Amino acid sequence: MIIKLNHAEAKKLMEDKPGLILVDVRTPEEFDECYIDGAVNIPLDGLEETAEEKLPDKSAEIMVYCRSGKRAKQAAEILEGSGYEHIYDMGGLIDWPFELIM
């Protein structure tokens, strides 16, 4: 199931669930510019092929994000279609009001 979150809800979930897996689906170049602390970079264009290797626990809670939200939505749908059970879509970083690693 995919749950869409706004930024405040996403931030609270990150604070409340230390085991949450945060996945940045932007390109490696975009990821190198800035990212949310603790995120792993799994670009959307390889997600379907590498998800099971990089995210082996299909019952884990996974939150996806990108730059604007479009790729995050696609990533959430790919993960759901691959059998992942707990997916959160927090959209994009464009207007992320919290701290980023630069």
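Refer to the structure printed above.
One structure accompanies this document, and this report is about it. Bear in mind the structure is a predicted one, so any value in this text is a computation, not a measurement.

So, on to the nonpolar core. M14, I36, M63, M90, L93 and W96 are the most contacted members of the largest nonpolar core, which has 17 residues in total. Mapped by element, the contributors of at least two residues to this core are helix 1 (7-16), strand 4 (61-66) and strand 5 (86-92). Take this core: its biggest share by element is three residues, from helix 1. Leaving out residues up to four positions away in the same chain, L93 has contacts with R26, C34, I36, Y65, C66, R67 and L100. One finds L44, I62, A76 and I87 within the second-largest nonpolar core, a separate group that totals 16 residues.

Here we take up the packing of helix 3 (residues 44-54) against helix 4 (residues 70-81). Taken N-terminus to C-terminus, the directions of helix 3 and helix 4 make an angle of 15°; their axes are 10 Å apart at the nearest point. One way to sum up the angle between helix 3 and helix 4 is to call them roughly parallel. In the packing of helix 3 onto helix 4, the handedness of the crossing is right-handed. Contacts between helix 3 and helix 4 pair L44, L47, E48 and A51 from the former with R71, Q74, A75, I78 and L79 from the latter. Of the residues belonging to the contact of helix 3 with helix 4, the class tally is six nonpolar, one polar and two charged.

Here the focus is the environment of D32. Here D32 is to be found in helix 2 (residues 28-33). When its relative accessible area of 61% is taken as the criterion, D32 is described as exposed. Each C-alpha atom, one on D32 and one on M102, is 7.6 Å from the other, the two residues being 70 residues apart in sequence.

The rules behind the values
- Residues numbered from 1 in each chain as written.
- Predicted model: local features only at pLDDT ≥ 70, side-chain atom pairs only at ≥ 80, totals over all residues.
- Heavy atoms only, no water.
- Core = buried A, V, L, I, M, F, W, Y, C linked by side-chain atoms within 4.5 Å.
- Buried < 20%, exposed > 50% of the residue type's maximum accessible area, 1.4 Å probe, protein only.
- Helix = DSSP H or I, 4+ residues; strand = E, 2+ residues; numbered from the N terminus.
- Contact = heavy atoms within 4.5 Å.
- Axes fitted to C-alpha atoms, helices over the stretch in contact; angles between N-to-C directions.
- Parallel < 35°, antiparallel > 145°, perpendicular 65-115°, else oblique.
- Left-handed = near helix turned anticlockwise from the far one by under 90°.
- Nonpolar A, V, L, I, M, F, W, Y, C, P; charged D, E, K, R; others polar.

None of the figures reported here should be taken as evidence of function without further support.
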